[in-house]
Amino acid sequence: MSDTGTGTEAEALSREAPSLGDRPRDALPQEALPREEAAPPLLPGPGQPPGPGPGGTTGVGPAPEPAGSGEAPGLGSFLARAAAGTAVLTVLGAVLGLVRDQAIARYFGASDVSDAFLIAWTVPEMAATLLIEDGMALLLVPAFSLALTRRADAEAAKGGEDGGERDSGKEPGADPVRELVAATLPRLCVLLMAGAVLLMAGAPWVVGVLAPGLADPGLSVDCTRLTAVTVLTFGITGYFSAALRAHRSFLPPAGVYVAYNIGIIGMTLALHSVWGVRAAAAGVAVGSLLMILTQLPVLLKLLPPARLRLPRFGRLKPRAVRTAPLLGLTVLAPVVLFVVSRQSQVLVERFLASTLPAGAISHLNYAQKVAQMPMVLSLMICTVTFPVVARAMADGNREKARQRVERDLALAGMVVLLGTAVVLGYAPQIIEVLFQRGAFDTADTEATAQVMRVYAAGLLGHCLVGALSRPFFSSGRPTWFPAFAMGTGLLVTMGAGYALTYRFGVAGIATANAIGISTAALLLLMGLGTRVVPIRARAVALSLGRLAGAALVAGAAGWAAAQLLPDAVLSLAAGCVLVPAVFFLTGLALRSPEVVSLLALIRRRFTDGR
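Remember, it's a predicted structure, so these values are computed and weren't measured experimentally.

S.K.: I tried to follow the packing of aromatic side chains on my own but got confused; where do I start?
M.R.: Centre distance and the angle of the planes are the two values used to describe a pair of aromatic rings. Scanning all chains against the criterion turns up ten aromatic pairs. With a centroid separation of 5.1 Å and 35° between ring planes, the pair formed by Y366 and F435 is classed as tilted. In this pair, Y366 sits in helix α15 (residues 360-371) while F435 sits in helix α17 (residues 398-435), placing the two residues 69 residues apart along the sequence. You can call F435 buried: its relative accessible area is 1%. Taking the centre distance of 5.4 Å and the plane angle of 80° together, the rings of F583 and F584 count as edge-to-face. Relative accessible area serves as the criterion here: at 0%, F583 is assigned to the buried category.

S.K.: Teacher, can you tell me more about the nonpolar core here?
M.R.: When a protein is soluble and globular, its nonpolar side chains tend to lie buried together. One finds F117, F144, M452 and F583 to be the most contacted residues of the largest nonpolar core, which totals 155 residues. If we ignore the near neighbours within four places in the chain, the residues touching F117 are I104, C223, V277, A280, A281 and V284. Counting residues in hydrophobic clusters, the runner-up holds six residues, among them L96, L251, V258 and I265.

S.K.: What should I look at first to understand the side chain of T268 in this one?
M.R.: Along the chain, T268 turns up in helix α11 (residues 256-275). Given a relative accessible area of 1%, T268 falls into the buried group. Residue contacts for T268: discarding those within four places in its chain leaves A103, Y107, A279 and A280.

S.K.: Quick question: what am I supposed to make of the packing of helix α7 (residues 203-210) against helix α8 (residues 217-227) here?
M.R.: Following both chains from N to C, one finds α7 and α8 inclined at 120°, their axes separated by 9 Å at the closest point. What the angle tells us is that α7 and α8 run oblique. Seen along the crossing, α7 lies across α8 with a hand that is right-handed. Touching A203, P204 and V207 of α7 are P217, S220, V221, T224 and R225, all from α8. Taken together, the residues of the contact of α7 with α8 sort by class into five nonpolar, two polar and one charged.

S.K.: Looking at this structure, how should I read the environment of A539?
M.R.: As for its placement among the helices and strands, A539 is situated in helix α22 (residues 537-562). Once the C-alpha coordinates of A539 and E406 are considered, the two residues, 133 residues apart in sequence, prove to be 9.3 Å apart.

S.K.: Whenever I open this one, α11 confuses me. Can you help?
M.R.: For the α-helix, the turn length of 3.6 residues means that residues three or four positions removed from each other point alike. Most pronounced at L269, the bend in α11 amounts to some 45°. For α11, every residue scored as buried is listed here: V256, V258, A259, Y260, N261, G263, I264, I265 and T268. Among the residues trailing α11, G276 stands out with phi positive, at a value near 70°.

S.K.: Would you explain a nonpolar patch on the surface in this entry?
M.R.: A grouping of V91, V95 and V99 is seen on the molecular surface, where their side chains present a nonpolar patch of about 190 Å² in accessible area. Mapped onto the secondary structure, V99 falls in helix α2 (residues 75-108). Judged by its relative accessible area of 32%, V99 is partly exposed.

S.K.: Please clarify how the pattern of salt bridges should be interpreted in this entry.
M.R.: Opposite charge on two side chains lets them pair, provided their charged atoms get close. According to the stated counting rule, one finds eight salt bridges in the structure shown. One salt bridge in this structure joins E406 and R402, with 3.0 Å as the shortest N-O distance. Placement of the pair is E406 and R402 together in helix α17, with a separation of four residues, close to one helical turn. The class for E406 is buried, based on a relative accessible area of 2%. Judged by its relative accessible area of 12%, R402 is buried. When the shortest N-O distance is used, the salt bridge between R536 and E406 registers 2.6 Å. Residue R536 is found in the loop between α21 (506-531) and α22, and its partner E406 is found in helix α17; the two are separated by 130 residues along the sequence.

S.K.: Can you help me understand the packing of helix α3 (residues 112-133) against helix α9 (residues 230-246) in this one?
M.R.: Axes are the key here: two packed helices are described by the angle between their axes and the distance separating the axes. Between α3 and α9, whose axes approach to 8 Å, the crossing angle comes to 30°. It follows from the interaxial angle that α3 and α9 lie roughly parallel. Helix-helix and strand crossings are classified by hand; for α3 and α9 the assignment is right-handed. Only T230, V231, F234, G235, T237, G238, Y239 and R245 of α9 make contact with α3, whose side of the interface consists of P124, A127, A128, L131 and I132.

S.K.: What is the right way to look at the confidence of the model for the protein in this model?
M.R.: Segments scoring low in pLDDT should not have their predicted coordinates read at a detailed level. Averaged over every residue, the pLDDT of the protein is 78; residues scoring 70 or more account for 77%. Confidence over residues 1-74 falls short of pLDDT 50; this stretch has 167 contacts with residues more than four positions distant or in other chains. Contacts of residues 165-171 to residues separated by more than four positions or lying in other chains number three contacts, the stretch itself having pLDDT below 50.

S.K.: Where do I start with the environment of A412 in this structure?
M.R.: The residue A412 is located in helix α17 in this model. With relative accessibility at 1%, the residue A412 sits in the buried group. Between the C-alpha atoms of A412 and A467, which are 55 residues apart in sequence, the distance is 7.9 Å. Residue contacts for A412: discarding those within four places in its chain leaves S378, I381, C382 and C463.

S.K.: Honestly, the side chain of H462 in this entry has me stumped. Any pointers?
M.R.: Here H462 is to be found in helix α19 (residues 459-473). Look at H462 and you get buried, because its relative accessible area is 8%. With residues up to four places along the chain from it excluded, the contact list for H462 reads R342, Q372, M375, N513 and I517.

S.K.: Could you clarify how one ought to interpret α17 in this entry?
M.R.: The end-to-end C-alpha distance of α17 is 47 Å, clearly below the 56 Å that 38 residues give at a rise of 1.5 Å each. By the largest-angle criterion, Y426 marks the main kink of α17, which is about 85°, and a proline, P428, follows within four residues. The buried count for α17 comes to 30 of 38 residues, which makes it a mostly enclosed element.

S.K.: Looking at this structure, how should I read the environment of G213?
M.R.: Here G213 lies in the loop between α7 and α8. The spacing of G213 and F351 is 138 residues in sequence and 8.3 Å in space, taken between C-alpha atoms.

Conventions we followed
Residues numbered from 1 in each chain as written. Predicted model: local features only at pLDDT ≥ 70, side-chain atom pairs only at ≥ 80, totals over all residues. Heavy atoms only, no water. Phe/Tyr/Trp six-rings, centres within 6.5 Å; stacked < 30°, edge-to-face > 60°. Helix = DSSP H or I, 4+ residues; strand = E, 2+ residues; numbered from the N terminus. Buried < 20%, exposed > 50% of the residue type's maximum accessible area, 1.4 Å probe, protein only. Core = buried A, V, L, I, M, F, W, Y, C linked by side-chain atoms within 4.5 Å. Contact = heavy atoms within 4.5 Å. Axes fitted to C-alpha atoms, helices over the stretch in contact; angles between N-to-C directions. Parallel < 35°, antiparallel > 145°, perpendicular 65-115°, else oblique. Left-handed = near helix turned anticlockwise from the far one by under 90°. Nonpolar A, V, L, I, M, F, W, Y, C, P; charged D, E, K, R; others polar. Bend = angle between axes of the 7 residues up to and from the residue. Patch = residues over 30% accessible without salt bridge, like charges linked within 9 Å, V, L, I, M, F, W, Y side chains within 5 Å. Areas by Shrake-Rupley, 256 points an atom, 1.4 Å probe, with all protein chains shown as cover. Salt bridge = Lys/Arg side-chain N within 4 Å of Asp/Glu carboxyl O. pLDDT = per-residue confidence, 0-100. Expected span 1.5 Å × (residues − 1).

And the structure:
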């Protein structure tokens with residue numbers, strides 16, 4: 001997300017000459033050589049003492065380029081501003097997502113009607129993971145980062161030849177970024193359109209496979225056909241997001257879920273009395289179109305259509321092949337298999353829940369949506385820094401990539417575990433405040449809160465899977481280990497789910513999810529250091545263990561204090577103060593370096609502000 005939201009820093013990156021750090025060192029005078037000095041980190045890596053924090057968190061300007069082995073001066077400040085902007089829109093999107101869920105719960109409750117919609121919504125959820133959040137980003141951010149590196153290298157090499165080329169009448173060389181878009185986007189649109197049409201035609205079969213025990217499959221088939229358009233629209237959204245993030249323009253991609261949820265909420269409120277739950281399905285289609293429109297203006301500034309020449313469909317030119325790794329099956333297949341295996345955790349849950357009484361799928365959905373909010377907020381850090389890691393890998397700077405990944409894991413772990421503590425302590429109050437009205441009654445609140453507390457046990461695993469998968473795919477080379485790890489976790493989820501569902505119902509399904517995703521996270525953590533980025537896995541695990549201990553203590557304190565105030569709103573408000581306080585105090589007692597650094601940074605900013 002750009003710190004300005006207009007993409008100006010991305011536009012400048014595409015127009016301006018490369019920075020000194022991008023030019024060959026022998027082509028620069030000695031006085032022009034930059035001093036290679038790493039910018040202060042947002043937080044120290046595991047085991048590191050607290051250091052100076054980043055620069056200001058406001059301001060406008062292009063993202064600085066890396067120089068040498070360290071991060072360019074000002075890059076940490078840019079990432080902090082970008083993360084802050086991302087956080088604002090992520091929170092806004094999450095709040096609107098809750099409003100969306102509240103509208104659905106109010107009008108349809110936790111019933112066979114809401115279950116039918118949620119089965120149809122499985123398709124957009126998987127499409128969003130594959131085409132927006134993970135799959136497309138993991139493929140295209142490294143691809144665009146490589147194209148930008150080649151563009152900078154070409155501009156640096158030809159800087160002294162521009163005058164000669166103009167005099168001789170020769171056209172400048174093709175832009176690698178435009179070549180990448182021309183070689184991939186048209187073909188991608190055709191493939192996605194075909195997929196959407198096939199899904200509409202095969203909707204009855206899809207519903208029968210996903211939920212064989214569903215009470216009203218016909219309603220779910222209608223909703224599936226309405227949402228099938230997201231296969232195309234989400235794919236285009238994901239492509240635009242990857243291109244903008246690689247150019248370090250982060251605000252438009254982060255705003256897509258704001259637009260998406262507005263579309264669903266608007267259609268549900270306007271048409272629920274006429275179309276029933278089909279209005280929400282139509283809202284999914286409308287919201288997905290708004291996601292494209294949210295990013296289109298900024299993308300057109302980067303790549304004006306008048307200058308974009310699309311190739312004919314056929315065999316790619318050799319140069320286009322080098323700039324279009326998306327079309328390589330050896331690169332595409334591992335990413336797709338990883339993302340499908342990850343999203344199949346939800347498919348397994350809903351398949352098992354379809355055999356339980358009506359409302360079980362809805363209880364799982366509401367619990368999961370709320371419980372995973374801390375995970376979504378934590379992963380915004382990795383979303384902002386993923387282009388930095390991909391650019392470092394493209395430049396061959398593995399040490400810089402290691403430092404960035406370790407910081408991201410520490411920060412993301414702290415955010416998600418703090419949220420986990422709040423969920424553990426105040427799940428019933430959260431669900432009562434958010435959903436208990438209309439068709440959603442007290443029994444639904446109790447069932448959903450129980451499931452949400454179980455889901456909380458797997459939040460760190462979900463966060464780590466999202467954070468650790470990005471470095472695996474940052475080099476643009478095929479790697480099958482993430483798919484293996486996620487596939488193993490899926491098998492664990494399936495086995496545990498079949499063993500626990502009959503006896504424990506929806507709580508057993510949530511337990512199986514937590515066990516399976518934690519297994520996958522552990523495998524990814526152990527495998528990353530030996531295969532891609534040489535992170536210090538033991539140090540990272542020790543740091544996360546201290547934070548997990550602080551979360552358990554804070555969650556227990558919240559659970560004990562939650563019953564003291566009978567009013568749910570007041571109890572939750574008190575918990576939002578109590579749980580963080582206990583979390584950070586316990587983190588200090590356990591000597592967690594992330595907590596120590598954060599409190600030192602806050603104290604220094606407060607002191608400087610006076």
